[in-house]
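Summary of the model geometry
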Amino acid sequence: MKTAARFLAIILVVAMALPLSACGEKVEVMEYNGHVITSEMYSYILSENKSYILSQYNYTDSPEIWNSAYSDDVTVGEWLVSQVNDYCRTLLVCKDLATKNGISLSEESVTALEKLNADLIEAYGGKGKWNVYLASFGINVDIFNEYMEMCYLMNDVYDALVSDGTISCEDQEIYEYFKDYYKDYNLVRHILFNYQFKYTDEDGKKVSLTDEQKAEKLAEYTDLAEKMQAGEASFEDYIEKNEDSGVYYFVTDDNSYVEEFQDAALEMEIGEYRVVETEYGYHLMNKLELTQEVYDEEFSEKYSESIKSGLMTDKFYAILDESAQSVSVNSEELSRFDIITAPVMS
């Protein structure tokens, strides 16, 4: 992070005024069972998310960006504000869930938060300058820490619910989750004979196959595909001949693959074998249905843990979402905030 020194002259008045306003009554933007997000904290969260989007997509902050269309009847700015509001509701529900279940910040989270504070204070040249920087977003160090504690607490609540079995999933759920994710994809496997530079000439230079040699390979692969289709040969017995880094691919019409390979994957019937030529060579392709057996044999070992993590995260947010709409919102106070004028973090 950059030093905050260059902001001092501009926001010194704001920084001096902040402690006075902090002593007064805080304005609540959202409230749930006694847990609140104040206008100061909301201001920071809004700027944080705005800055993330600008950085993530390499945008320059401008009204045109936030007024542009996200969907038919929603602007990018409206979408982001909606996301921020949902996130704030989730933070409050999660904090309430922690309170009801006696869950507090773990030692790991406390240590991480202490290190974060120390790193930020050092980066900005002291707690005073760090506080001055935060003042440009309407908060101070205490409010920042309160917000970060809520963020860290969310991870600890998740871990606790997983540990006590409130959140769990079975192997069948993992398969169904994986299958649903790829429901719009076409699953194919292939064996590639790469005919680019297959031989070395007398001078030691790589040379391509002749047309005659290519025709021989095409005939060999076509015959093999016909035997596989007839059940007279097994695809698995020839996988070692594959000259590609991968065997299985999930294909859609997004032009991620060479045209001939993609077109074949889309056109083929389940169970069909076909030989297709691309710039890389001859592909002996087979289209598959993503059955439990195929998943267990080819994908479970590699993907089950990451799928399980995604599935359980979804279950966690589903628990939070059940109560999120019960969060009280101060619409009048919320209307004071504008994504276009929200300050951007440096």
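Just so you know, these numbers come straight off a predicted model, no measurement behind them.

This part covers the overall build of the chain. Counting its regular elements, the chain contains 13 helices and eleven strands. The C-alpha atoms of the chain give 29 Å as radius of gyration, which overshoots the globular expectation for 346 residues (20 Å, by more than 25%). Counting only C-alpha atoms and orienting by the principal axes, one finds that the chain spans roughly 85 × 50 × 45 Å. Within the chain, contacts between residues at least 6 apart in sequence are counted, and of these 72% link residues at least 24 apart. Summed over all atoms, the accessible surface of the chain reaches about 19900 Å², with 47% contributed by carbon and sulfur. In the chain, 26 side chains carry a positive charge and 67 a negative one; their mean positions are 5 Å apart.

Pairing is antiparallel across the open sheet formed by four strands, whose spatial order is β8-β5-β10-β9. Strand pairing shows two members of the sheet lacking a second neighbour, β8 (248-251) and β9 (273-278), which therefore form its edges. Averaged over all pairs of adjacent strands, the angle between strand axes in this sheet comes to 35°, irrespective of strand direction. Contacting β5 (186-194), β8, β9 and β10 (281-288), helix α10 (residues 259-267) runs over the sheet at an angle of about 160° to β9.

Let us look at the environment of Ser306. Structurally, Ser306 can be placed in helix α12 (residues 300-324). What makes Ser306 partly exposed here is its relative accessible area of 47%. Residues Ser306 and Ile174, spaced 132 residues apart in sequence, show a C-alpha to C-alpha distance of 9.7 Å. A distance of 2.9 Å separates a polar atom in the side chain of Ser306 from the backbone oxygen of Tyr303.

One finds Leu284, Phe299 and Phe316 to be the most contacted residues of the largest nonpolar core, which totals 80 residues. Ranked by residue count, the leading element in this core is helix α7 (residues 141-163), at twelve residues. Non-local contacts of Phe316, meaning those with residues more than four positions away in its chain, are made with Cys94, Met154, Val157, Tyr158, Leu161 and Ile167.

Another point: the confidence of the model for the chain. Scored by pLDDT, the chain comes out at a mean of 89, with 91% of its residues at no less than 70. Taken as a whole, residues 1-24 scores under 50 in pLDDT and shows 23 contacts with residues more than four places along the chain or in a different chain.

Moving on: helix α2 (residues 39-56). Over its 18 residues, α2 runs 26 Å from end to end, which matches the ideal 26 Å to within 8%, given 1.5 Å per residue. Along α2, 13 of the 18 residues are buried, which leaves the element largely enclosed by surrounding structure.

Okay, the environment of Tyr32 next. Position of Tyr32 among the secondary structure elements: in strand β1 (residues 28-32). Of the residues examined, Tyr32 reaches a relative accessible area of 11% and is grouped as buried. Not counting residues up to four positions away in its chain, the partners in contact with Tyr32 are Leu92, Val93, Asp96, Ser323, Ser326 and Val327.

Another point: the pairing of strand β2 (residues 35-38). Bridge analysis of β1 against β2 gives four bridges, and the strand direction is antiparallel. Paired with Tyr32 across the strands is His35, a residue of β2. Two successive antiparallel strands, β1 and β2, enclose a turn made up of two residues, where Asn33 displays a positive phi of approximately 50°.

Taken N-terminus to C-terminus, the directions of α2 and helix α4 (residues 76-100) make an angle of 130°; their axes are 10 Å apart at the nearest point. Regarding the angle of α2 to α4, the classification is oblique. Like other packed secondary-structure pairs, α2 and α4 cross with a definite hand, here right-handed. Across the interface between the two elements, Tyr42, Ile45, Leu46, Asn49, Lys50 and Ile53 from α2 touch Trp79, Leu80, Val81, Val84, Asn85, Tyr87, Cys88 and Leu91 from α4. Of the residues belonging to the contact of α2 with α4, the class tally is eleven nonpolar, two polar and one charged.

Take a negative patch on the surface next. On the surface, Glu170, Asp171, Glu293, Asp296, Glu297 and Glu298 cluster together to form a negatively charged patch. If one sorts the elements of the negative patch by residue count, helix α11 (residues 292-298) sits on top with four residues. With respect to the helices and strands, Glu170 occurs in the loop between α7 and α8 (171-181). On the basis of relative accessibility, which here comes to 54%, the residue Glu170 falls in the exposed class.

Let us look at the pattern of salt bridges. Tallying each qualifying case throughout the model produces twelve salt bridges. The salt bridge partner of Lys50 is Asp61, with a shortest N-O separation of 3.2 Å. Of this pair, Lys50 sits in helix α2 while Asp61 is found in the loop between α2 and α3 (63-67), placing the two residues eleven residues apart along the sequence. The exposure class of Asp61 is partly exposed, given its relative accessible area of 34%. Close ionic contact of Lys183 with Asp180 constitutes a salt bridge, the shortest N to O distance being 3.7 Å. On the basis of relative accessibility, which here comes to 56%, the residue Lys183 falls in the exposed class. Several salt bridges share partner residues, and in doing so they unite Glu267, Glu272 and Arg274 into one network.

Criteria and thresholds
Residues numbered from 1 in each chain as written. Predicted model: local features only at pLDDT ≥ 70, side-chain atom pairs only at ≥ 80, totals over all residues. Heavy atoms only, no water. Helix = DSSP H or I, 4+ residues; strand = E, 2+ residues; numbered from the N terminus. Rg over C-alpha atoms; globule rule 2.2 N^0.38 Å. Contact = heavy atoms within 4.5 Å. Areas by Shrake-Rupley, 256 points an atom, 1.4 Å probe, with all protein chains shown as cover. Lys, Arg positive; Asp, Glu negative; His and termini not counted. Charge placed at Lys NZ, Arg CZ, Asp CG, Glu CD. Pairing = 2+ DSSP bridges. Axes fitted to C-alpha atoms, helices over the stretch in contact; angles between N-to-C directions. Buried < 20%, exposed > 50% of the residue type's maximum accessible area, 1.4 Å probe, protein only. Polar contact = N/O pair within 3.5 Å; in protein donor to acceptor, adjacent residues only side chain to side chain. Core = buried A, V, L, I, M, F, W, Y, C linked by side-chain atoms within 4.5 Å. pLDDT = per-residue confidence, 0-100. Expected span 1.5 Å × (residues − 1). Parallel < 35°, antiparallel > 145°, perpendicular 65-115°, else oblique. Left-handed = near helix turned anticlockwise from the far one by under 90°. Nonpolar A, V, L, I, M, F, W, Y, C, P; charged D, E, K, R; others polar. Patch = residues over 30% accessible without salt bridge, like charges linked within 9 Å, V, L, I, M, F, W, Y side chains within 5 Å. Salt bridge = Lys/Arg side-chain N within 4 Å of Asp/Glu carboxyl O.

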